[in-house]
Protein chains: 2
Amino acid sequence: MLPFQRISIIGLGLIGSSVARAVRAHMPTVRLTGHDGDADVRERARKLDLCDDVTDTAGAAVTDAELVILCVPVGAMGEVAAEIAEDLPPGAIVSDVGSCKASVAAALGAALPNAIVIPAHPVAGTERSGPEAGFATLFHKRFCIVTPPQGADETAVIRVEEFWRALGADVERMDAEHHDLVLAITSHLPHLIAYTIVGTASDLEQVTQSEVIKYSAGGFRDFTRIAASDPTMWRDVFLSNKDAVLEMLQRFSEDLTALQRAIRWGDGDALFDLFTRTRTIRRSIIEQGQDDASPDFGRTHE
Amino acid sequence: MLPFQRISIIGLGLIGSSVARAVRAHMPTVRLTGHDGDADVRERARKLDLCDDVTDTAGAAVTDAELVILCVPVGAMGEVAAEIAEDLPPGAIVSDVGSCKASVAAALGAALPNAIVIPAHPVAGTERSGPEAGFATLFHKRFCIVTPPQGADETAVIRVEEFWRALGADVERMDAEHHDLVLAITSHLPHLIAYTIVGTASDLEQVTQSEVIKYSAGGFRDFTRIAASDPTMWRDVFLSNKDAVLEMLQRFSEDLTALQRAIRWGDGDALFDLFTRTRTIRRSIIEQGQDDASPDFGRTHE
């Protein structure tokens, strides 16, 4: 029993195209319709045969949908929801994949006051963008967090959860505010810090950019991966999850200042204690299958 | 023509044991002697057959050496150098692999006033520690920075450079002060920031540690890798390269404050501009062979 027979995906970038590929792989009988606001992306999606049909307008993509998944930057959710409002059939469920949930729930609720809105967030991705970058196994063994609004229809929530399980994800339920706090520390702050240090390194006058690149294997290159992520998506994340990001940033800055002081005053014990404590977190992440056990991310040394 | 026929390695952890394995692989006729201050590590090194001989004292390891490589934390260099001072044969070259060069040059110069000291730093490693963690290809296509003191014997410098090239490394020459500035941004600051954010995340009261681990695939897990590096080594690096690290940290903090302000005031253009600029650095690192081109560090998604 499939949770949905007709699914529409609005936004065919890395995540939308991965959802399309995963639906094809796990639910081959589902009728899949797609749309993207960019005509060039629509053309590429057609060539890649991502969906049964790629429509030229968002409205045309949803006319007979049972599930509509919005896979656009979080700042564009309200606008896209408004575009489909008139064509959305009664009973259709609208979900999304955005990395901030309170702001998205508010935007979708305002644009679609009569629709069944069940926001969700698959915690998965890569630093690549565009319909070519997606792949069917992106959500395997990754968590998908579903954040039903208060009073949401339980059957609808369960169908969305079943959908994500069918794509290989582990599903968790959370309220939107808690989700936004958890993601602020596990995803948004790491991206902000990575963007910052890559910016700092490229602005130095005593060390050239070519030296930064040459000697990046000392640790810096790890940060450049997530700092290569989609600029529009991440601009929207920081603007939409502002309060939680600013709170986590404040805590991080305090901790960094404490370490700075330990270095300035030569307090080796404080440094050693922290550096010992952080090792155990890495171990737990590997034990719980959330990262590879091979050293150096399994990079090849030939 | 081998640059050296008899090589001694003091310190048989990740780097020392990798040097041993690489010497065996690339210069099988070299006589290799090793020592480690920890009796348990010596025992394991003997079982792993890393060297022709593993001696119980540092002095005994160097009595007939042409090249001695100190592979101990930078804070221990002076002490280890003092231990070998009496047994070091005339004409032997003393080198090291430390991540800070000015402080190491000073420590080795003070402990070995009559020896030929040519410090070096292979920019390579993983988050693992101990003699089991090393491997022969660790230095392949990585840079080794040689920092000869003023007035160093040119023939000795060239022999050390040839040694590292023979292990597969690309060699660069730099003065110690510039090395320390370059490494402060490409290696030391990234480690400090990674340690900090992993510490911040594990101290939160609104988000549990188990949530941090579960949802780490959103970006956080990338930081946990280098935050799992050896605590003693990194404590010493921050204490030894204090001035350069504090300068880079100050710049990073200013840039982070500017981004914090952009988020608070909703300045999306400032965020977007930085996030676009940082993408190109990643591209250069991949083009120059300093990281893997596969998305998500080539992590498997099965």
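Because the structure is predicted, anything quoted here is derived from the model rather than measured.

Enquirer: An account of the packing of aromatic side chains is needed here, citing residue identities and associated values.
Expert: On inspection of all chains with the given rule, the structure shows 16 aromatic pairs over all chains. Relative to Phe 238 of chain B, the ring of Phe 275 of chain A has its centre 5.6 Å away and its plane inclined at 65°; by these criteria the two rings are edge-to-face. One end of the pair, Phe 275 of chain A, is in helix α12 (residues 268-287); the other, Phe 238 of chain B, is in helix α10 (residues 231-240), on a second chain. Neither Phe 275 of chain A nor Phe 238 of chain B differs from the other in exposure class; each is buried. Counting every residue linked through ring pairs, the aromatic cluster contains Phe 4, Phe 139, Phe 163 and Trp 164 of chain A. Positioned above the aromatic ring of Phe 297 of chain B is the side chain of Arg 225 of chain A, whose terminal nitrogen or guanidinium carbon lies 5.0 Å from the ring centre.

Enquirer: Residue-level account of the domain arrangement of chain A, with values.
Expert: Residue and element names in this part refer to chain A. For chain A, the assigned domains are domain 1 (6-174) and domain 2 (178-298). Computed from C-alpha coordinates alone, the two centres of domain 1 and domain 2 are separated by 30 Å. Opposite the 19 residues of domain 1 that make contact, domain 2 presents 18 residues. Carbon and sulfur atoms supply 59% of the area buried between domain 1 and domain 2, which totals about 1,400 Å² over both sides. Summed over the shared surface of domain 1 and domain 2, the result is 1 salt bridge. Residue Arg 225 pairs with Glu 127 through a salt bridge whose shortest N-O separation is 2.9 Å. Run the count over domain 1 and domain 2 and you get 8 residue pairs in polar contact (both at pLDDT 80 or more). The set of elements that each furnish at least two residues to the side of domain 1 that touches domain 2 consists of α5 (102-111) and β8 (143-146). Of the residues in the side of domain 1 that touches domain 2, the class split is 8 nonpolar, 7 polar and 4 charged.

Enquirer: Could you give me a rundown of helix α1 (residues 14-26) of chain B, with the residues and numbers involved?
Expert: Residues and elements named next belong to chain B. With 13 residues, α1 should reach 18 Å at 1.5 Å per residue; the first-to-last C-alpha distance of 18 Å fits that figure. All of the buried residues in α1 are Leu 14, Ile 15, Gly 16, Ser 17, Ser 18, Val 19, Ala 20, Ala 22 and Val 23. Tucked into the core, α1 has its buried residues touching β1 (6-10), β2 (31-35), β4 (67-70) and α6 (154-166).

Enquirer: Before we move on, could you go through the sheet that holds strand β9 (residues 170-173) of chain B and cite the residues and values that matter?
Expert: Sheet strands associate in pairs through backbone hydrogen bonding, adopting either a parallel or an antiparallel arrangement. Residue and element names in this part refer to chain B. An order of β7-β8-β9 is seen for the 3 strands of this open sheet, with the pairing classed as mixed. Strands at the two margins of the open sheet, each flanked by one partner only, are β7 (120-122) and β9. Between one strand axis and the next, the sheet turns by 20° as a mean value, whatever way the strands run. By the bridge criterion, 3 bridges tie β7 to strand β8 (residues 143-146) in an arrangement that is antiparallel. The residue bridging His 121 from the neighbouring strand is Ile 145, located in β8. Contacting β7, β8 and β9, α6 crosses the sheet at an angle of about 150° to β9.

Enquirer: So what's going on with the pairing of β8 of chain A? Which residues, and what values?
Expert: Residue and element names in this part refer to chain A. Where burial is concerned, the two faces of β8 agree: the one with Phe 143 and Ile 145 and the one with Cys 144 and Val 146 are both buried. Here 4 bridges tie β8 to strand β9 (residues 170-173), and the two strands are oriented parallel to one another. Note on β9: the bridge partner recorded for Cys 144 is Val 171. Assessed by its sense of winding, the connection that carries the chain from β8 through helix α6 (residues 154-166) to β9 is right-handed.

Enquirer: Describe the side chain of Thr 196 of chain A, and please don't skip the residues or the numbers.
Expert: Positionally, Thr 196 of chain A belongs in helix α7 (residues 176-202). According to the relative accessible area criterion, Thr 196 of chain A is buried, its value standing at 2%. Among the polar contacts listed, one links the side chain of Thr 196 of chain A to the backbone oxygen of Leu 192 of chain A, at a separation of 2.7 Å. Not counting residues within four places of it along the chain, the set of residues in contact with Thr 196 of chain A comprises Phe 252, Asp 255, Leu 256 and Leu 259 of chain B.

Enquirer: Kindly report on the relation of the copies chain B and chain A, identifying the contributing residues and their values.
Expert: Copies of the same chain, two in number, are related to each other by a rotation about an axis and a translation along it. Taken as rigid bodies, chain B and chain A are interconverted by a rotation of 180° and an axial shift of 0.0 Å, the fit giving an RMSD of 0.0 Å. Such values leave the two copies arranged in the relation of a two-fold axis. Same-surface contact between copies: 100% of interface residues of chain B are shared with the interface of chain A.

Enquirer: Let's hear about unusual backbone geometry: which residues, and what values?
Expert: For Lys 141 of chain A, which is not glycine, the phi torsion reads 60° and is therefore positive. Following the sequence through the fold, Lys 141 of chain A ends up in the loop between β7 (120-122) and β8. With a phi angle near 55°, Phe 297 of chain B is a residue other than glycine that sits in the positive phi range. With respect to the helices and strands, the residue Phe 297 of chain B is situated in the segment after α12 (268-287).

Criteria and cut-off values
Residues numbered from 1 in each chain as written. Chains lettered and ligands numbered in written order. Predicted model: local features only at pLDDT ≥ 70, side-chain atom pairs only at ≥ 80, totals over all residues. Heavy atoms only, no water. Phe/Tyr/Trp six-rings, centres within 6.5 Å; stacked < 30°, edge-to-face > 60°. Helix = DSSP H or I, 4+ residues; strand = E, 2+ residues; numbered from the N terminus. Buried < 20%, exposed > 50% of the residue type's maximum accessible area, 1.4 Å probe, protein only. Lys NZ or Arg CZ within 6 Å of the ring centre and 35° of its normal. Domains from an automatic or database assignment. Contact = heavy atoms within 4.5 Å. Buried area = accessible area lost by both parts, 1.4 Å probe. Salt bridge = Lys/Arg side-chain N within 4 Å of Asp/Glu carboxyl O. Polar contact = N/O pair within 3.5 Å; in protein donor to acceptor, adjacent residues only side chain to side chain. Nonpolar A, V, L, I, M, F, W, Y, C, P; charged D, E, K, R; others polar. Expected span 1.5 Å × (residues − 1). Pairing = 2+ DSSP bridges. Axes fitted to C-alpha atoms, helices over the stretch in contact; angles between N-to-C directions. Right-handed = clockwise from strand over helix to strand, strands pointing away. Least-squares fit on C-alpha atoms with pLDDT ≥ 70 in both.

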